[in-house]
Amino acid sequence: MYRQHPRGLYLLFVTEMWERFSYYGMRAIFVLFMVKALMFDKAYASEIYGSYTGLVYFAPLLGGYIADRYWGNRRAIVSGALLMAAGQFSMFFAATLYQQPATATPLMFGGLALLIAGNGLFKPNISSMVGQLYPAGDKRVDSAFTLFYMGINAGALLAPLVCGTLGDTGHPADFKWGFLAAGIGMLLSLALFLSFRNRYLVTPEGAAIGLPPKRHHESGEKILHAPLTREEKDRLAVIMLLSAFVIFFWSAFEQAGASLTFFAEEQTNRQLLGWTVPASFFQSINPVVIVVCAPLFAWLWLTLGKKGLEPNSPMKMAIGLLLLAIGYLIIALGVNGLEPGVKVSMLWLISLYSIHTFGELCLSPIGLSLVVKLSPARLVSMMMGVWFLSSALANKFAGVLSGLYPEPGKPLPVFMGYTVSNLHDFFMLFVLMAGGAALVLFLLSGKLKK
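Residues numbered from 1 in each chain as written. Predicted model: local features only at pLDDT ≥ 70, side-chain atom pairs only at ≥ 80, totals over all residues. Heavy atoms only, no water.

A. Geometry of the overall build of the protein chain. For the protein chain, the count of helices and strands is 15 helices and six strands. Relative to its length of 450 residues, the protein chain is compact, with a C-alpha radius of gyration of 22 Å against a globular reference of 22 Å. Here the C-alpha coordinates of the protein chain stretch approximately 70 × 55 × 40 Å along the principal axes. Counting only contacts in the protein chain whose residues sit at least 6 apart along the sequence, the fraction spanning at least 24 positions is 81%. Across the protein chain, the 33 positively charged side chains and the 23 negatively charged ones have centroids separated by 9 Å. (Helix = DSSP H or I, 4+ residues; strand = E, 2+ residues; numbered from the N terminus. Rg over C-alpha atoms; globule rule 2.2 N^0.38 Å. Contact = heavy atoms within 4.5 Å. Lys, Arg positive; Asp, Glu negative; His and termini not counted. Charge placed at Lys NZ, Arg CZ, Asp CG, Glu CD.)

Structure (structure tokens):
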């Protein structure tokens, strides 16, 4: 399977892996740094965190436009990597000066701004370059994005272990080492890209990919400003519609960092051989399952494609939503009728995270591949930004939904007339939401394929 892909895929794999190491490493200790070192209250720290993650997914819309119109993918990636490295080192200096809040706080906000801007330039362009390695209509593209997605999660798996171990020691002075490790990871990503981009980032015919658009050449100018054809408009409409379904997926999936962490902390029996498993450890299940299973999914799509049995992309995404609903149905059954004070086995939460990860492998890399396949070449990076914009909205919506998590002694939360009276009701809300979206997408998949 691996020999069937160009070497450029593996360069983009490791470049993205170390960039994600940087991102998730910083994210693993960010809220703890604000609360324990800068002494922010949890509500304020959570507000900053939510705004940061939302803007991280919004910025690629602008970064994709800049690349498509002016810079090209390569220049945008290099510029984005430099900005993110500067952002991480700004966080390092903020953590170094944590006892001087008047200096540390502006440094932190400046670092966040650099990280947001850098991610906006880096994220959509590294993803869009994957598809450019293959000729139009190549059936390996879905498989390629699945392998690329494994690189993302290899970085996500490694990051909390390294940056969390270095930074979250219980001593506020040590947070700087976690941010420093994240900065070094970003520099490593940049170094790999700069060293091998000219050798491996080429088409099957050997032409370089990711270069700036030919704005000053007459034919290039015509291409750049050419009006969209009817077929191109239809394809862009499909991307927009599927982006709306992605919001349903990620707003439920991203409960991992919010309500599901509350559930792990309060309602899960975490005793294992005399050791209490930290609640945060359950979030590592997702990248572990992806790293293990992504090659299997890549092989599955290739095998089904050779036999003419591969589901179309909207159908794969509908399967992803269905698996998300099944995961929540399992945990809803686990807590149904649960007596007060009784905790559930870890196996319930492990099952949920594993099934959700299978759903993610059906939806997220397939969605990235679909954007590349359907977008006009002159708009592919900007449309990748539109795709990530749906994740920005989903992250905001995830926070709203997490606020419905029932707490003893507080009024019962209500969402669109649905009263959440217990944990079973809370998890069933996601079953209904994801399951309904899956059903609609199943029904639309044939028309969307046309």
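The structure having been displayed, the exposition proceeds.
B. View of empty space enclosed by the protein. Counting across every chain of the model gives one cavity of 30 Å³ or more. By volume, the largest cavity is sized at about 40 Å³. For the largest cavity, the full set of lining residues is Glu19, Ser22, Tyr23, Tyr52, Met84, Gln88, Leu115 and Asn119. Elements with a minimum of two residues in the lining of the largest cavity: α1 (7–36), α4 (73–96) and α5 (101–132). Of the residues belonging to the lining of the largest cavity, the class tally is four nonpolar, three polar and one charged. (1 Å grid on protein atoms, 1.4 Å probe; cavity = no way out; pocket = protein on both sides within 12 Å on 5 of 7 lines; lining within 4 Å. Points joined across faces, edges and corners; volume = space filled by probe spheres on them. Nonpolar A, V, L, I, M, F, W, Y, C, P; charged D, E, K, R; others polar.)

C. Examining the confidence of the model for the protein chain more closely. Residues at a pLDDT of 70 or more form 95% of the protein chain, whose mean pLDDT is 86. Put simply, helix α8 (residues 218–225) is where the protein chain has its lowest mean pLDDT, 52, and α4 is where it has its highest, 97. Scored below 50 in pLDDT, residues 216–220 makes two contacts in the model with residues more than four places away or belonging to other chains. (pLDDT = per-residue confidence, 0-100.)

D. Structural detail: helix α7 (residues 175–200). The terminal C-alpha atoms of α7 lie 37 Å apart, and with 26 residues this matches the ideal 38 Å at 1.5 Å per residue to within 8%. The axis of α7 is deflected most strongly, by about 30 degrees, at Leu194. (Expected span 1.5 Å × (residues − 1). Bend = angle between axes of the 7 residues up to and from the residue.)

E. Spatial organisation of the packing of α1 against α5. Their axes nearest at 11 Å, the elements α1 and α5 cross at an angle of 155 degrees. When the interaxial angle is binned, α1 and α5 end up roughly antiparallel. Classified by chirality, the crossing of α5 by α1 is left-handed. Together, Leu9, Leu12, Thr15, Glu16, Glu19, Arg20, Met26, Phe30, Phe33 and Met34 of α1 and Met108, Leu112, Leu115, Asn119, Phe122, Lys123, Ile126, Met129 and Val130 of α5 make up the contact between the two elements. Class assignment for the residues of the contact of α1 with α5 results in 13 nonpolar, two polar and four charged. (Axes fitted to C-alpha atoms, helices over the stretch in contact; angles between N-to-C directions. Parallel < 35°, antiparallel > 145°, perpendicular 65-115°, else oblique. Left-handed = near helix turned anticlockwise from the far one by under 90°.)

F. Region of the structure containing the packing of helix α3 (residues 60–71) against helix α14 (residues 380–402). Interhelical geometry of α3 versus α14 gives an angle of 175 degrees and a closest axis separation of 7 Å. Between α3 and α14, the angle falls in the class roughly antiparallel. In this structure, α3 contributes Pro60, Leu61, Gly64, Tyr65, Ala67 and Asp68 to the contact, and α14 contributes Val380, Ser381, Met382, Gly385, Val386, Phe388 and Leu389. The residue makeup of the contact of α3 with α14, split by class, is nine nonpolar, three polar and one charged.

G. Examining the pattern of salt bridges more closely. For the coordinates displayed, the defined rule picks out six salt bridges. Residue Glu16 pairs with Lys123 through a salt bridge whose shortest N-O separation is 2.6 Å. Note that Glu16 is positioned in helix α1 and Lys123 in helix α5, a separation of 107 residues in sequence. Its relative accessible area of 7% is what places Lys123 among the buried residues. (Salt bridge = Lys/Arg side-chain N within 4 Å of Asp/Glu carboxyl O. Buried < 20%, exposed > 50% of the residue type's maximum accessible area, 1.4 Å probe, protein only.)

H. Spotlight on the packing of aromatic side chains. In the structure shown here, the tally under the stated rule is 23 aromatic pairs. Ring centres 6.3 Å apart and planes at 80 degrees place the aromatic pair Tyr65 and Tyr70 in the edge-to-face group. Among the residues examined, Tyr70 registers a relative accessible area of 42% and is labelled partly exposed. Chaining the aromatic ring pairs together yields one cluster made of Phe263, Tyr328, Tyr405, Phe426, Phe427 and Phe430. A cation sits over an aromatic face here: Lys316 above Trp301, 4.2 Å from the ring centre. (Phe/Tyr/Trp six-rings, centres within 6.5 Å; stacked < 30°, edge-to-face > 60°. Lys NZ or Arg CZ within 6 Å of the ring centre and 35° of its normal.)

I. Fine view of helix α6 (residues 141–167). Spanning 27 residues, α6 covers 38 Å between terminal C-alpha atoms, matching the ideal 39 Å at 1.5 Å per step. At Ala159, α6 shows its largest kink, close to 30 degrees, and the proline Pro160 lies no more than four residues downstream. In terms of burial, α6 is largely enclosed, as 20 of its 27 residues are buried.

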